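Residue-level listing of the chains:
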Amino acid sequence: MLVIHPGALGDVLQAVPALRALGDDARVTFCGQPRLGEVLAGAGVVADAASFDGFGLEILFTAEPASPELTGRLGGFARVVSWFGSRDERYPERLRALAPSCVVAPPLPAGDGDTVWEHLLATLGRLPSAGPARLVPLALPESWRDRARRALDEVGARRDRALLVVQPGAGSRWKVAAADLLARVIAAVVSGGDVQVLLHAGPADAEAAAQLVRAVESPMLTLVSPTLPVLAGVLSIAQAYLGGDSGVSHLAAAVGAPAVILFPPATRRRWEPWSPRRGPS
């Protein structure tokens, strides 16, 4: 089975329950961003991963004939699920011509009633239930946790102290939690026990990270742009997580970190994580 989803980190992690449902019946190959495929395959959610950019699907948006390579690739799958291209007039018809057993559906629900992960489950047609086995945290390889511990050692984290990971940034400016709010939570946590705070800063988080550093009076450790396996490992061994509506927050919830995620009211229902380990938001 082939699943096509070229979305960002948070979008793809919302698909985990649906991917697990598909995996009950078939060997699933994920077609999307390679770094996200690495996480899904490493955690055992899918069997294989393929790069979306190199798959050749762009030809299906045109009138040009599909290449023999693409025809052969798609013909090798018993079923294709595409959470991509549903709004285009040509793509769904051309994909179904090459993969007769095919679902083409939008990656997001049309209304506000369903969460993204519930919507993706529903697009599979048979409405599989989101039972407990499909909502358990991602099972990460122990080697990822070992790499995470080494990365924490390198930034000065102590293994005998509790760890709070904080993510100040988000993909959109309006989703970023206020630095003074995060700082108040951090101050309360630090004053209540022997806790070390780790600030995670990705490539787009420089401004939000700088604002949080200015707002927090106590010292913080900083982890800058780790690989996703290392970041997932860090989050899985942290005692707590704090952040806004971001892909990193969805990763924290997915790996089972006790997480408090601060959502804007407009997005809370739709983007609520599937993991039961997240806290009030």
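The preceding data block contains the structure.
The notes below deal with the structure included here. (Residues numbered from 1 in each chain as written. Predicted model: local features only at pLDDT ≥ 70, side-chain atom pairs only at ≥ 80, totals over all residues. Heavy atoms only, no water.)

### Some thoughts on the state of the cysteines
Tallied over the full model, the rule gives zero disulfides. Note on Cys 31: no disulfide assigned, nearest cysteine sulfur contributed by Cys 102 at a separation of 13 Å. The class for Cys 31 is buried, based on a relative accessible area of 0%. With a relative accessible area of 14%, Cys 102 lands in the buried category. (Disulfide = S-S within 2.5 Å. Buried < 20%, exposed > 50% of the residue type's maximum accessible area, 1.4 Å probe, protein only.)

### Description of the sheet that holds strand S7 (residues 195-201)
Taken together, the five strands give an open sheet; going across it, the order is S8-S7-S6-S9-S10, and neighbouring strands pair in parallel fashion. In this open sheet, the two edge strands, each paired with only one partner strand, are strand S8 (221-224) and strand S10 (259-262). The average undirected angle you get between the axes of adjacent strands in this sheet is 20 degrees. As judged from the four bridges shared by strand S6 (residues 162-167) and strand S9 (residues 240-244), these two strands associate in the parallel manner. Across the sheet, Leu 164 pairs through a bridge with Ala 240, a residue of S9. (Pairing = 2+ DSSP bridges. Helix = DSSP H or I, 4+ residues; strand = E, 2+ residues; numbered from the N terminus. Axes fitted to C-alpha atoms, helices over the stretch in contact; angles between N-to-C directions.)

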